[in-house]
Amino acid sequence: MSENLQLVLFGFTVIGALFSCGAAVVSVLFSRRPASVELQGQVDELSIVLEKVLKTQRKEKMTRVRSAALEDRDDSGNNPVCTAPPAEIGQLPAGYTPTKIALIQQARQKGFRV
């Protein structure tokens, strides 16, 4: 009887080992699908969303720039004429070209301190 008991216990041990090996094989097969595939999909989705956000941001910025440019123009659509008094030109140091003087006048007209 002890021999039969030993054979039964050995059989249960072998069956348990086979189940363990089967579980290991199933585990390996299901883990073959790498997590990098999921991560790559998420990265692709995030990059698409980021492109949309940046495109929207650029669109908003250009809208603000265009509206600011339109506000700087007068009713006729021309750029504003420099109306700085001639006394300011005399306050500039020597060596400025007429182009630089005109640019400084335009900057002062728009409210910049030059």
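Residues numbered from 1 in each chain as written. Predicted model: local features only at pLDDT ≥ 70, side-chain atom pairs only at ≥ 80, totals over all residues. Heavy atoms only, no water.

Draft legend 1. Structural view of the overall build of the protein chain. Within the protein chain, the secondary structure is distributed over four helices and zero strands. Its helices and strands taken in sequence order, the protein chain reads α-α-α-α from the N to the C terminus. Split into buried and exposed, the 114 residues of the protein chain put 4% on the buried side. (Helix = DSSP H or I, 4+ residues; strand = E, 2+ residues; numbered from the N terminus. Buried < 20%, exposed > 50% of the residue type's maximum accessible area, 1.4 Å probe, protein only.)

Draft legend 2. Geometry of a nonpolar patch on the surface. There is a patch of nonpolar side chains on the surface, built from Leu5, Val8, Leu9, Phe12, Ile15 and Phe19 and spanning about 650 Å² of accessible area. Relative to the helices and strands, leucine 5 is located in helix α1 (residues 2-31). (Patch = residues over 30% accessible without salt bridge, like charges linked within 9 Å, V, L, I, M, F, W, Y side chains within 5 Å. Areas by Shrake-Rupley, 256 points an atom, 1.4 Å probe, with all protein chains shown as cover. Salt bridge = Lys/Arg side-chain N within 4 Å of Asp/Glu carboxyl O.)

Draft legend 3. A look at the confidence of the model for the protein chain. Averaged over all residues, the pLDDT of the protein chain equals 78, while 75% of them reach at least 70. The least confident element of the protein chain is helix α3 (residues 86-90), whose mean pLDDT is 50; the most confident is α1, at 90. (pLDDT = per-residue confidence, 0-100.)

Draft legend 4. Structural context of helix α4 (residues 98-109). Taking 1.5 Å of rise per residue, twelve residues should cover 16 Å, and α4 covers 16 Å from first to last C-alpha, within 8% of that figure. Just beyond α4, the residue with positive phi is glycine 111, at close to 100 degrees. (Expected span 1.5 Å × (residues − 1).)

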